[in-house]
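Geometric and topological summary
Read off the chains here:
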Amino acid sequence: GQQVKQSSPSLTVQEGGISILNCDYENDMFDYFAWYKKYPDNSPTLLISVRSNVDKREDGRLTVFLNKSGKHFSLHITASQPEDTAVYLCAGSNNNAGAKLTFGGGTRLTVRP
Amino acid sequence: EAAVTQSPRNKVAVTGGKVTLSCNQTNNHNNMYWYRQDTGHGLRLIHYSYGAGSTEKGDIPDGYKASRPSQENFSLILELATPSQTSVYFCASGDAGRNTLYFGAGTRLSVL
């Protein structure tokens, strides 16, 4: 089965609204969690990441919430913009097993003007 | 800035043929990775390497081999290509001890 799962393949949000992207994982040993952004025909790039010793990290309009007991983390994008339209990939890794990221299936976010 | 270059960018191969996808990085990163991207599956790890001469199996290694002849270069080899290997392949590099991956632009492979 999938070790990292994004249950919503797509999400549509109105400009100015808040986008909430969710990710569930199975591996208890994961201690690093990340969100990558991918535009069509482009390579994924790191958006934001968090280690397991914190449960929240903010960076501008982006906030990652980590719920380790629930094996769940999410990305909140406030004041969503049309340029936020992209595929968002969540990922986790166990640093003791090497920096080997396991990705979810992706959520396609569309922000409507 | 991180630089990971993949070649070719597009490839059409015949079933049963041999395909080699190449990746070069100029970041002096120890770790390199090959992923494939398919709709609904996100990125799945095929092979990775911790340094020159090392290759490790990822989550979906069957049908693929890898080669890391130097710090800079990491190749993915399909000895007998099959249509199920039609996909977009991404190479990435990362520093040992850090988790950020830097991806190349991708190679679109079609096996007919």
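Read on for an overview of the structure. In this text the structure is predicted, and so the values were computed from the model without any measurement. Each chain carries its own residue numbering, running from 1 in the written order of its sequence. Chain A is the first chain written and ligand 1 is the first ligand written, with later ones labelled in order. Note on the predicted model: pLDDT of at least 70 is required for a residue's local features to be given, and 80 or more for side-chain atom pairs to be given and counted; whole-chain, interface and lining totals, by contrast, use all residues. Side-chain measures were taken over the full set of non-hydrogen atoms in the model, leaving aside hydrogen atoms and water.

What to know about the state of the cysteines
Residue and element names in this part refer to chain A.
- What counts as a disulfide here is a pair of cysteine sulfur atoms lying within 2.5 Å. For the coordinates displayed, the defined rule picks out two disulfides over all chains.
- Each disulfide pairs two cysteine sulfurs, and for C23 the partner residue is C90, the sulfurs being separated by 1.9 Å. Given an S-S torsion of about 65 degrees, the disulfide between C23 and C90 has right-handed geometry. With C23 in strand β3 (residues 19-25) and C90 in strand β9 (residues 86-93), the pair connects residues that are 67 residues apart, well separated along the chain. Runs of H or I in DSSP of at least four residues are treated as helices and runs of E of at least two as strands, each being numbered from the N terminus.

Concerning the nonpolar core
- By nonpolar core is meant a set of buried Ala, Val, Leu, Ile, Met, Phe, Trp, Tyr and Cys residues that side-chain atoms within 4.5 Å join together. Summary of the burial criterion: residues with accessible area below 20% of their type's maximum are buried, those above 50% are exposed, and those between are partly exposed, where the area comes from a 1.4 Å probe applied to protein chains only. Membership of the largest hydrophobic core comes to 21 residues, with the highest contact counts inside it found for Y25, F33, W35, F73, L75, I77 and Y88 of chain A.
- For this core, the elements supplying multiple residues, two or more each, are β3, β4 (32-38), β5 (45-51), β7 (62-67), β8 (72-77), β9 and β11 (107-112) of chain A.
- Each residue touching L75 of chain A, except ones within four places of it in the same chain, is listed here: S19, I20, L21, W35, L47, I48, L62, T63, V64 and Y88 of chain A.
- The next biggest cluster of nonpolar side chains, apart from the first, holds 19 residues, and it includes F103 of chain A together with L43, Y48 and V88 of chain B. Contacts are assigned to residue pairs that have any heavy atoms within 4.5 Å of one another.

Quick look at the pairing of strand β11 (residues 107-111) of chain B
All names here are of chain B.
- Going residue by residue along β11, you find T107, L109 and V111 tucked away on one face and R108 and S110 left uncovered on the opposite face.
- Only strands joined by at least two bridges in the DSSP assignment are considered to pair. Across four bridges, the pairing between strand β2 (residues 10-13) and β11 is parallel. Looking at β11, one finds that K11 is bridged to L109.
- Where strand β9 (residues 87-94) and β11 come together, three bridges link them in antiparallel fashion. If you follow S87 over to β11, its bridge partner there is L109.

Section: the layout of surface pockets
- Estimated volume of the largest pocket: approximately 580 Å³.
- Broken down by secondary-structure element, the contributors of at least two residues to the lining of the largest pocket are β9 and β11 of chain A together with β4 (31-38), β9 and β11 of chain B. Any residue with an atom within 4 Å of a point lines the site, the site being either a cavity, points on a 1 Å grid over the protein atoms alone where a 1.4 Å probe fits but cannot get out, or a pocket, an open set with protein on both sides within 12 Å along at least 5 of 7 lines. Grid points are joined across faces, edges and corners, and a volume is the space filled by probe spheres set on the points.

Digging into unusual backbone geometry
- Of note, the bond from S7 of chain B into P8 of chain B is cis; its omega dihedral lies within 30 degrees of zero at -5 degrees.
- By secondary structure assignment, the location of P8 of chain B is in the loop between β1 (4-7) and β2.
- At D41 of chain A, a residue that is not glycine, the phi angle is positive and equals roughly 60 degrees.
- Its location among the elements puts D41 of chain A in the loop between β4 and β5.
- If you check the backbone angles, A79 of chain A has positive phi at about 45 degrees while not being a glycine.

None of this, on its own, says anything about what the molecule does.
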